[in-house]
Amino acid sequence: MYRAGNSVEQVYGGTVIKQGDRTPLGFNFRTENGEIVSLTGATVQVKLANDKGVVLEKQATILEEYTAQFAIGSQDITGAGDMRIEFIVTYPGGTIEKFPSDDWQRIRITPTLEDVEKYGVGYITFEKLTGEFQNQFDEFTGGVDQQIDYQRQRVDNLIQSTPQPSEVIDARFDENGNSFTNLKAHLDDKGNKIGILQKNNISVLQFESLKVSTANGFDWQPAIQKAIDTAYKNNGGTVILPIISGYFGIGSTSIKLRQNVSLIGIGSRNCKLKKLANTTGNVLEFMQENSSYTFNTRYSGFSIEGTGTTKSLTPNLTPDVTNNGFVINPYWGLDGCRFSDILITDCGGYGLSVEPSPVNTIESEKMVLQQAQFDNVTTQYCGDGTRIKGFVGNIQWNTCTFDRIERTAFEMKIGDNGNGAQDNTFINCAFQFAQKGFYAGSNFINVNFYGCHFEENSLYNVHFNVNANCGEVTFSGAFFARSPIHLYFEKFGGKCSIDSATWKSASTVQSTDRYIKVGSISGLVYLGFNQDLINIISTMIEDPSIRCRGFTDFGTRFEMDYVRVFKGISSTSVNSKNLCGNVAIASGAVTQIVTFITPENDNNYRIVPSVTWNTTVWITNKTTTGFTLNFGAAPPVAGFSVDWMLLR
């Protein structure tokens, strides 16, 4: 059975080739309605013919489902001249179709120098026979050329000697003041520039015919991937995600970004890359497989939506590693890249993950990302927000939000080669509504937070769990709110400076709540000026290792904790670990045991008590964990108390 009415379009390779040139020629086939023909499972037979008959038959190779490719090798004897091509497609069901149906595809084959040498004698003989005629022709055309040059000169002189309209003169200059000899030269220059722009800026709609219809909607991945691959073959460029009705659906095959190819949409609220239902895999991937750099690429103006989470705040402790949003795995490094106006949501795994390429086994070369900038990048409703692993250096995060994350909003991890992040700066960023707001579980050097917001993270707002020296950490103008522990230095070997911070307790205060909790660390924590407390909790700082230091000024409400940082008042070489307290005394009681929050080093201390009723008081049973108050007269009713202070 045969079908009629179709056409052929050449997608690469030239229309003029040299005999024996093995440059591949690629062709797509379209139906009579203009729709591209799928060649999956089909075979394509190619016939070449000149004006005397068929000179070559061979079978084409099917590439990327839609393209038939073949080459004319040195062993293929076709001869030179104009050739006609006919394609015979046999579909999997046995249907046969010829392309094109009403004409031929045409190419021209030119001879090689070897072919010219074969027939050199004939050419020489012909030249001798025609030499006399050629001399006569040259004499005639020489006179004509002189007349043409003379007339051109006359016209140029006439134009130059005649005043021209100002708009004609102005049209010879471009916007930068560059002058052209005439208007045509100016227009040619503009045309060249437009051609370059068109080559370097590729719209996904150019390949819309490659999108695939599925039960869950259109899968745009083949079209977007073709645009990216085309830009890559042009030595880089920009792929444009234009306005469409709805969203760009993505199936189980991820979009793979290439070196030096930027991806630009029309805005994160209007341009969406959405994972289709019942599919797995990452939405966007940059997985570099060789050691070359990628410089100054841009990713901007789109959103990524996965299928991995529901919009609830119930933590799911099991990551869905099959459903990440934007995964960046450079072999050696991304330099100077910019990420802006990107929204990543509903991914069961990581919203944004940056770590070395798994194919790079050279430990010393696992530099991941440097001199990059993230502007207005948001990860929300994901299993984990953003993770950076390994050496990610000199990065600036501006007005980024890590919000409503099931596990960790932002995480720094150590690389396989022992390298960690370096010189990361966060400006006006928010880490909120997760289990951990910011977690550093790796060696790093210098992390700075300016005007950042940490709120309602169910375990810790900020958690440092770093064994080695990690440089310096700065919090300036930070807001810590409604978390049981705002800053937890579980393991920390660096220096942390906190200036102009605001502290607010959790909505329901527990006895274990702390503004700052310090483990057994070797580093230091400095409390600077203007520590403003909106709500005061009983124990603001827990520091058994005495690694906190403090300063104070007028207006701060950290005065008491400034003293508590040093654990009390002592005039000896032994530090006091408690300063003062208040204990309520029951009606009729003549003794009261007082227990320290933090045990003392020994019992060589003094207690100065102050009672609120008329009685004598003395101290007995001093131990490292507390002491006993004794009263000459019991309080007559409830409601009396004793204030005490510890001195050495």
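The structure presented is a predicted model; accordingly, all values stated were derived computationally and were not measured.

Chemist: So what exactly am I meant to see when it comes to unusual backbone geometry here?
Modeler: In the segment running from phenylalanine 99 into proline 100, the intervening peptide bond is cis, with an omega of -15°. Tracing the backbone shows proline 100 in the loop between strand E10 (96-99) and strand E11 (105-110). The residue asparagine 376 is not glycine, and still its phi comes out positive at about 50°. Examined against the element boundaries, asparagine 376 turns out to sit in strand E27 (residues 367-380). Residue classification places asparagine 376 among the partly exposed positions, given a relative accessible area of 40%. With a phi close to 55°, arginine 404 is a non-glycine residue in the positive phi region. Within the secondary structure, arginine 404 is located in the loop between strand E30 (401-403) and strand E31 (408-413).

Chemist: What's the story with the sheet that holds strand E52 (residues 626-631) in this structure? I'm lost.
Modeler: Where strands meet in a sheet, backbone hydrogen bonds hold them as pairs that are either parallel or antiparallel. In spatial order, the strands read E49-E52-E51; together these 3 strands make up an open sheet with antiparallel pairing. Two strands bound the open sheet, and with one partner strand each, they are strand E49 (591-595) and strand E51 (617-620). Between one strand axis and the next, the sheet turns through 25° on average, direction left out of account. One ladder, built from 4 bridges, connects E51 with E52; its direction is antiparallel.

Chemist: Would you explain the sheet that holds strand E23 (residues 326-329) in this entry?
Modeler: Within the open sheet, the 11 strands sit side by side as E17-E20-E23-E26-E28-E31-E34-E37-E40-E43-E46. Their pairing is parallel. Across the chains shown, the open sheet's two edge strands, defined by having one partner strand only, are strand E17 (255-256) and strand E46 (541-542). Pairing of strand E20 (residues 284-287) with E23 involves 4 bridges; the strand directions are parallel. In the sheet register, phenylalanine 286 faces E23, and the bridge partner there is isoleucine 328.

Chemist: I tried to follow helix H5 (residues 221-233) on my own but got confused; where do I start?
Modeler: The α-helix advances 3.6 residues per turn, and as a result positions three or four apart in sequence lie on the same side. Here H5 contains 13 residues, and its C-alpha end-to-end distance of 18 Å stays within 8% of the 18 Å for a straight helix at 1.5 Å per residue. Looking one or two places after H5, you find asparagine 235, whose phi comes out positive at around 65°.

Chemist: Help me understand the pattern of salt bridges, please; the structure alone is not making it clear to me.
Modeler: For side chains bearing opposite charge, pairing can occur when the charged atoms are close. In total, this model carries 17 salt bridges according to the counting rule given. When the shortest N-O distance is used, the salt bridge between aspartate 82 and arginine 108 registers 2.8 Å. Taken together, the positions of aspartate 82 in strand E9 (residues 81-90) and arginine 108 in strand E11 put the pair 26 residues apart, joining distant regions of the chain. For arginine 108, a relative accessible area of 43% translates into the label partly exposed. In this structure, the salt-bridge partner of glutamate 456 is arginine 482, at a minimum N-O distance of 3.4 Å. In this pair, glutamate 456 sits in the loop between strand E36 (453-455) and strand E37 (460-465) while arginine 482 sits in the loop between strand E39 (479-481) and strand E40 (485-491), placing the two residues 26 residues apart along the sequence. Given a relative accessible area of 34%, glutamate 456 falls into the partly exposed group.

Chemist: How do you make sense of the pairing of strand E22 (residues 298-305) when you look at a structure like this?
Modeler: It is a general feature of regular strands that their side chains alternate between the two faces of the sheet. Counting buried positions over the 8 residues of E22 gives 7, a clear majority of the element. Of the strand pairs in this sheet, strand E18 (residues 261-264) and E22 are connected by 2 bridges, and their pairing is parallel. From the neighbouring strand, leucine 263 faces E22, where its bridge partner is tyrosine 299. Pairing of strand E19 (residues 272-275) with E22, which is carried by 3 bridges, proceeds in the parallel orientation. Paired with lysine 274 across the bridge in E22 is glutamate 305. Two strands pair when backbone bridges link them, and E22 and strand E25 (residues 338-345) are joined in this way by 7 bridges, in the parallel orientation. Residue pairing in the sheet places arginine 298 in a bridge with arginine 338 of E25.

What counts, and at which threshold
Residues numbered from 1 in each chain as written. Predicted model: local features only at pLDDT ≥ 70, side-chain atom pairs only at ≥ 80, totals over all residues. Heavy atoms only, no water. Helix = DSSP H or I, 4+ residues; strand = E, 2+ residues; numbered from the N terminus. Buried < 20%, exposed > 50% of the residue type's maximum accessible area, 1.4 Å probe, protein only. Pairing = 2+ DSSP bridges. Axes fitted to C-alpha atoms, helices over the stretch in contact; angles between N-to-C directions. Expected span 1.5 Å × (residues − 1). Salt bridge = Lys/Arg side-chain N within 4 Å of Asp/Glu carboxyl O.

Geometric values such as these leave the question of function open.
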